[in-house]
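# Examining the three-dimensional arrangement
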Amino acid sequence: MGLFDKLKGPVLYKDSNGMKRQIEILSELKDRTSGETEKLILKDRKLLEYGLQGEESLLFELMNSFTPMIILRDLHLESGDLSAQIDFVVIMRKVIFVIECKNLFGDIEVNEAGDFVRTLSYGGRKYREGIYSPTTQNRRHLDLLKAIRKDEMSNLLMRSMFEKYFDENYKSVVVLANSKTVLSTRKADKGIRNLILRNDQLISHLKAVNGASRDVASSDKTMYEIADRFLRMHRPNRKDYTAKYGVLQGENLVDAAEEESDKEKAAQSSSPSDREPKNPDVLYQMLKEYRLNRSREEEVKAYYIFTNAQLEELVHVRPLSLESLRQITGFGEVKVSKYGQDILNILHQ
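A brief report on the enclosed structure follows. Just so we're clear, the structure is a prediction, and the values are computed from it rather than from any experiment. (Residues numbered from 1 in each chain as written. Predicted model: local features only at pLDDT ≥ 70, side-chain atom pairs only at ≥ 80, totals over all residues. Heavy atoms only, no water.)

## Let's talk about the sheet that holds strand E7 (residues 125–131)
Overall, mixed pairing links the 4 strands, which are arranged E7-E6-E5-E9 in an open sheet. Either end of the sheet is taken by a strand with one partner, and the two such strands are E7 and strand E9 (183–184). Note: strand E5 (residues 107–110) against strand E6 (residues 116–122), 4 bridges, orientation antiparallel. Across the sheet, the residue bridging to isoleucine 108 is arginine 118, located in E6. (Pairing = 2+ DSSP bridges. Helix = DSSP H or I, 4+ residues; strand = E, 2+ residues; numbered from the N terminus.)

Below, the structure is given as structure tokens:
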């Protein structure tokens with residue numbers, strides 16, 4: 001550890017808006033669908049909100065630990081056909097922790113075989129079900145991370161040393177963030193027991209494992225170099241979260257509301273309108289460029305910002321206020337609050 005190290009507490013080096021963005025997308029889609037599709041979207045949005053709540057509570061514990069650490073949130077790793085979404089990587093002086101956050105309903109028991117069994121109470125009755133093991137999931141995350149780092153090393157000796165000491169330097173942790181969940185691991189193997197924690201146990205566990213390590217403490221410079229290495233490994237997740245609902249077609253979100261809007265616009269285009277902008281082509285290109293830039297910033301597809309049909313309607317209607325912008329098809333509260341003022345500024349330059 002360096003003599004002049006100044007890192008005295010936690011640093012959030014990479015945050016994430018990925019889950020928040022998914023929730024916003026689902027909120028926008030919900031207004032475009034109905035029936036079973038709408039119910040499915042509402043269910044998925046609720047699960048995402050619950051997961052986000054768990055991650056935020058875990059982050060709160062880390063940021064209030066008063067312990068030197070560098071925190072990276074929501075890393076997406078890819079290697080060939082394999083990928084992993086890591087909730088948190090925490091870099092401490094001696095140990096790097098890969099943390100999987102689960103905000104699970106019900107009570108959790110881990111049995112002798114390491115299986116996770118959840119008990120739910122509903123209507124006065126209890127139901128038991130097996131769930132996919134988050135310890136297995138996180139182990140696969142570590143294996144992928146290990147494989148990527150090994151591929152980066154051309155020096156055979158360094159690669160051999162990295163592989164030999166990997167399990168000492170990188171530790172898996174699964175955190176159950178729901179404070180109401182009763183966790184029972186007394187039947188589980190000790191090795192698995194030590195990997196599963198409640199939120200309020202996390203910081204003491206990180207400090208104990210890091211303190212017990214016989215490795216040399218890293219300097220601030222080394223810790224930041226490790227963090228930068230993780231950032232270089234990160235690949236933005238390009239997954240289309242809406243494809244499962246069957247409401248996307250090309251670059252337009254298809255539903256009855258938009259189809260009706262297209263019919264109205266076709267009827268309007270046949271009659272003169274004094275609302276037609278003097279320079280529609282310029283406005284079209286400026287809005288399209290803005291959409292592209294925002295989509296790159298948020299790492300989402302361009303039509304999530306607004307579709308081609310919405311773009312044409314913006315140029316044609318040229319709304320004068322946020323209230324009139326809300327009358328554009330598909331511009332609900334979420335979209336207006338995020339992009340509304342920027343769009344109005346472009347329209348009225």
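## Here we look at the sheet that holds strand E2 (residues 69–79)
Read from one edge of the open sheet, 6 strands run E1-E2-E3-E4-E8-E10, paired in mixed fashion. Strands with a single pairing partner mark the edges of an open sheet, and in this sheet they are strand E1 (10–14) and strand E10 (196–198). The sheet shows a mean angle of 35° between the axes of neighbouring strands, taken without regard to direction. Taken together, the 4 bridges between strand E3 (residues 82–91) and strand E4 (residues 96–102) define a ladder with antiparallel strand orientation. By the bridge assignment for E4, isoleucine 91 is matched with isoleucine 96. The sheet strands contacting helix H2 (residues 35–63) are E1, E2, E3, E4 and strand E8 (170–176), and the helix crosses E2 at an angle near 140°. Together, E1, E2, E3, E4 and E8 form the strand contacts of helix H7 (residues 220–233), whose direction differs from that of E2 by roughly 30°. (Axes fitted to C-alpha atoms, helices over the stretch in contact; angles between N-to-C directions. Contact = heavy atoms within 4.5 Å.)

## A word on the layout of surface pockets
Put simply, the second largest pocket is a space of about 690 Å³. Looking at the second largest pocket, it is lined by 25 residues, and the ones nearest its centre are Lys94, Tyr165, Glu168, Asn169 and Asp215. At the level of secondary structure, the elements contributing two or more residues to the lining of the second largest pocket comprise helix H4 (156–169), E8, helix H6 (202–212) and H7. Considering every element that reaches the lining of the second largest pocket, the biggest residue donor is H4, with 6 residues. Grouping the amino acids of the lining of the second largest pocket by side-chain chemistry returns 13 nonpolar, 4 polar and 8 charged. (1 Å grid on protein atoms, 1.4 Å probe; cavity = no way out; pocket = protein on both sides within 12 Å on 5 of 7 lines; lining within 4 Å. Points joined across faces, edges and corners; volume = space filled by probe spheres on them. Nonpolar A, V, L, I, M, F, W, Y, C, P; charged D, E, K, R; others polar.)

## A closer look at a nonpolar patch on the surface
Residues Leu157, Met161 and Tyr165 make up a contiguous nonpolar surface patch of roughly 300 Å² in combined accessible area. Along the chain, the position of methionine 161 falls in helix H4. We classify methionine 161 as partly exposed; its relative accessible area is 41%. (Patch = residues over 30% accessible without salt bridge, like charges linked within 9 Å, V, L, I, M, F, W, Y side chains within 5 Å. Areas by Shrake-Rupley, 256 points an atom, 1.4 Å probe, with all protein chains shown as cover. Salt bridge = Lys/Arg side-chain N within 4 Å of Asp/Glu carboxyl O. Buried < 20%, exposed > 50% of the residue type's maximum accessible area, 1.4 Å probe, protein only.)

## Notes on the packing of aromatic side chains
Under the criterion given, the structure shown has 6 aromatic pairs. Relative to phenylalanine 166, the ring of phenylalanine 162 lies with its centre 5.4 Å away and its plane at 70°, an arrangement referred to as edge-to-face. Here phenylalanine 162 and its partner phenylalanine 166 are both found in helix H4, 4 residues apart, which amounts to about one turn of the helix. In terms of burial, phenylalanine 162 and phenylalanine 166 fall into one category: buried. Three or more aromatic residues joined by ring pairs form one cluster here, namely Phe162, Phe166 and Tyr170. Sitting over the ring of phenylalanine 331, lysine 335 keeps its end group 5.5 Å from the ring centre. (Phe/Tyr/Trp six-rings, centres within 6.5 Å; stacked < 30°, edge-to-face > 60°. Lys NZ or Arg CZ within 6 Å of the ring centre and 35° of its normal.)

## As for the pattern of salt bridges
Evaluated as defined, the whole model comprises 23 salt bridges. A salt bridge links aspartate 167 to arginine 139; the shortest N-O distance between them is 3.7 Å. In this pair, aspartate 167 is assigned in helix H4 and arginine 139 in helix H3 (residues 134–152), connecting sequence segments 28 residues apart. Its relative accessible area of 45% is what places aspartate 167 among the partly exposed residues. When the shortest N-O distance is used, the salt bridge between aspartate 200 and arginine 198 registers 3.6 Å. Given the relative accessible area of 55%, aspartate 200 is considered exposed.

## Side note on helix H11 (residues 308–317)
Working note: α-helix, 3.6 residues per turn, so residues spaced by three or four point in the same direction. In terms of burial, H11 is largely enclosed, as 7 of its 10 residues are buried. One or two positions beyond H11, positive phi appears at arginine 318, with a value near 50°.

## Some remarks on the packing of helix H1 (residues 18–30) against H2
Following both chains from N to C, one finds H1 and H2 inclined at 160°, their axes separated by 9 Å at the closest point. It follows from the interaxial angle that H1 and H2 lie roughly antiparallel. Seen along the crossing, H1 lies across H2 with a hand that is left-handed. Contacts from Met19, Lys20, Gln22, Ile23, Leu26, Ser27, Leu29 and Lys30 of H1 reach H2 at Glu38, Ile41, Leu42, Asp44, Arg45, Leu48, Glu49, Gly51, Leu52, Glu55 and Glu56. For the contact of H1 with H2, the residue count by class is 8 nonpolar, 3 polar and 8 charged. (Parallel < 35°, antiparallel > 145°, perpendicular 65-115°, else oblique. Left-handed = near helix turned anticlockwise from the far one by under 90°.)

## Things to note about the nonpolar core
Leu287, Tyr290, Phe306, Leu314, Leu325, Phe331 and Ile343 are the most contacted members of the largest nonpolar core, which has 28 residues in total. Mapped onto this core, the elements with two or more residues apiece are H1, H2, helix H9 (280–298), helix H10 (302–305), H11 and helix H13 (333–347). Ignoring any residue separated from it by four or fewer positions in sequence, one finds leucine 325 in contact with Leu314, Pro319, Phe331, Val336 and Gly340. Membership of the second largest hydrophobic core comes to 24 residues, among which are Ala84, Ile148, Tyr170 and Ala227. (Core = buried A, V, L, I, M, F, W, Y, C linked by side-chain atoms within 4.5 Å.)

The values are spatial; any link to function lies outside them.
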